[in-house]
Amino acid sequence: MVYYIKNLLIYVFLTFCLSCLFLACSKTKTVLLPLSFISVNVNNGSYNSIVVINGTGFSSNKTDDDVQFNGKPAQITAVSSTNLTVKVPLGAGNGNITITVNGVTITGPVFTYVLSSRVSNYAGNGTVGNLNGPGSAASFNDPNGLAIDAAGNLYVSDASNYLIRKINTDSTVSTFVGGGNVNSDTNGTGTQASITSAPTAIALDGTGNVYVTESDGVIRKITPAAVVSTFLDGRFVPGYSFDYPSGIAIDASGNLYVSVYFHNQIQKVTPAGVVTNFAGSGNTGSSDDVPVSFWNPAGLTFDATGILYIADYSNSKIRFVDVNGKVGTIAGFSPPNSTNSGSVNGPISLASFRGPDDIAIDAKGNIYVADTQNNLIRMISADRTTVSTIAGNGRAGSTNGAGNVASFNYPSSLVVDAAGNIYVADSKNNAIRKIVIF
């Protein structure tokens, strides 16, 4: 009996202990660490580069986690409760990384997006010629001016062929104007017209008319139907010189602005053909103050606010004239001699160029520079704080591929299409190159 009672007591005690243990375990909850952002392994990178985010509170189920760079969703490739491995999304821009887990969002550090680019041949086989046809079969002879219409067609001043060429959006090349009587300038339509002085700069107005400057100072107007007329004969304008017009831009009112390379001035021509001096004393120099001076001004372009930008070739500077007529310098503060300039990137106050021949502006306000003597395509950021190299390795060549591997040979002109692609007249390669930025 005693033995039975003893065993019963032991049983009751063990049952009690197990019950207490069960109750204790049933009240224990898994403690989750709060969602936090500790660090990232890198704070800058290009499209598809890998970023590892360290923190707490992440879900080991990828579908519960959402990572965004400046509002653009990133692809998550690996997860744990303390690490997220992601790929930088296309066109992320500069902004904060944010993480959302099961509806809770935290904000991390600012990530700097690094642009990448890829260069390809758009038209021209690299040999000297004037063949029309598919881009890879066509040929040019010193293409040195580019313009683009609203539909994305390119117009090329094919200087040493004395032609204006057109490249359709499928990269098919045709002769738009020229090839008629080669002994004299002849107006007319298309190939019946002739150009006997090398065409230099080229621009389009708001209705699709093409304006072409010729090296002897003549400006021709070409309608969308390829009807050619002489807009201005700069050889016979009293009091003004059009000695080698090297750049042309058109404002919203249809006024033409022409950079006169050898006369160091920017001249304005109204739609009625009235000429006035817009900027520059005519003396060689780099002064932004009165008397303003330039040294072989070349490419011109307007931004959306009406500011005119100038590639001041032999000063190796990028200059501007604002809507009040004030002249300034935004980049290229090296000594005013192209032999003393360079290809330095970084803060705009320290950046340098060598013989910039043309400029173009994209929809975001970034300025692209054909840094001709450096064989580079450069970019001045929209906030005007930094300069970077978009494409080119600095050596003369014709290599395609990644931007930092590709090479150019005297890139003399460029334009930007609506999608942000850049087209370059690569003069000594006798080709039109395309740069895709991502």
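These remarks concern the structure in this document. (Residues numbered from 1 in each chain as written. Predicted model: local features only at pLDDT ≥ 70, side-chain atom pairs only at ≥ 80, totals over all residues. Heavy atoms only, no water.)

### What about the overall build of the chain?
How we decide: Secondary structure elements are taken from DSSP: a helix is a run of H or I of four residues or more, a strand is a run of E of two residues or more, and numbering for both begins at the N terminus. Burial classes follow relative accessibility: with a 1.4 Å probe on protein chains only, a residue under 20% of its type's maximum area counts as buried, one over 50% as exposed, and anything between as partly exposed. Should any heavy atoms of two residues lie within 4.5 Å, those residues are counted as being in contact. Computed by Shrake-Rupley with a 1.4 Å probe, the accessible areas treat only the displayed protein chains as cover when residues are assessed. Working convention for charge: Lys and Arg count positive, Asp and Glu count negative, and His plus the chain ends are omitted. Positions of charges follow a simple convention, taking NZ of Lys, CZ of Arg, CG of Asp or CD of Glu.
What the chain contains, in helices and strands, is 1 helix and 36 strands. Each principal axis of the C-alpha atoms in the chain carries an extent, and together these give about 135 × 50 × 40 Å. Counting every position in the chain, which comprises 438 residues, the buried fraction comes to 50%. At a minimum sequence separation of 6, the contacts of the chain that also span at least 24 residues come to 45%. Put simply, the chain shows about 19,500 Å² of open surface, and 56% of that area lies on carbon and sulfur atoms. Here the chain contributes 24 positively and 26 negatively charged side chains, and the mean placements of these two sets differ by 13 Å.

### Re the pattern of salt bridges
Defined as follows: A carboxyl oxygen of Asp or Glu within 4 Å of a side-chain nitrogen of Lys or Arg is what we treat as a salt bridge.
Summed over all chains, the structure comprises 9 salt bridges. When the shortest N-O distance is used, the salt bridge between Asp-289 and Lys-326 registers 3.6 Å. Of the two residues, Asp-289 is situated in the loop between β23 (275-279) and β24 (297-302) and Lys-326 in the loop between β26 (317-321) and β27 (327-331); the sequence distance between them amounts to 37 residues. For Lys-326, a relative accessible area of 42% gives the class partly exposed. Residue Arg-319 is joined to Asp-312 by a salt bridge in which the shortest nitrogen-to-oxygen separation is 2.6 Å. Grouping residues by exposure puts Arg-319 and Asp-312 together as buried. Connected via shared salt-bridge partners are Asp-216, Asp-233 and Arg-235.

### Regarding the packing of aromatic side chains
The geometry of an aromatic ring pair is captured by two quantities: the separation of the ring centres and the angle between the planes. Note the following rule: Each pair of aromatic rings taken from Phe, Tyr and Trp, with Trp reduced to its six-membered ring, is defined by centres within 6.5 Å and is described as stacked if the planes are under 30 degrees apart, edge-to-face if over 60, and tilted in the remaining cases.
All told, the structure shown has 11 aromatic pairs when counted by the stated rule. Seen in terms of ring centroids, Tyr-211 and Phe-231 are 5.3 Å apart; in terms of plane orientation they differ by 85 degrees. Their pairing is edge-to-face. Of the two residues, Tyr-211 is situated in strand β17 (residues 210-214) and Phe-231 in strand β19 (residues 227-233); the sequence distance between them amounts to 20 residues. Centre to centre, the rings of Tyr-257 and Phe-302 are 5.1 Å apart; their planes meet at 75 degrees, and the pair counts as edge-to-face.

### Thoughts on the side chain of Ser-316
In plain terms, the rule: Identification of polar contacts relies on pairs of N or O atoms within 3.5 Å, with a donor-acceptor requirement for protein atoms, meaning one able to donate a hydrogen and the other able to accept it, and with residues adjacent in sequence counted only if both atoms are side-chain atoms.
Note on placement: Ser-316 falls in the loop between β25 (308-312) and β26. Among the residues examined, Ser-316 registers a relative accessible area of 0% and is labelled buried. A distance of 3.1 Å separates the side chain of Ser-316 from the backbone nitrogen of Gly-355, its partner in a polar contact.

### Looking at unusual backbone geometry
Cis peptide bonds are those with omega within 30 degrees of zero, and the linkage from Val-290 to Pro-291 qualifies with 0 degrees. With respect to the secondary-structure elements, Pro-291 resides in the loop between β23 and β24. A positive phi angle, near 75 degrees, is found at Ser-171, a position not held by glycine. Relative to the helices and strands, Ser-171 resides in the loop between β13 (163-167) and β14 (173-177).

Distances and angles like these do not, on their own, reveal function.
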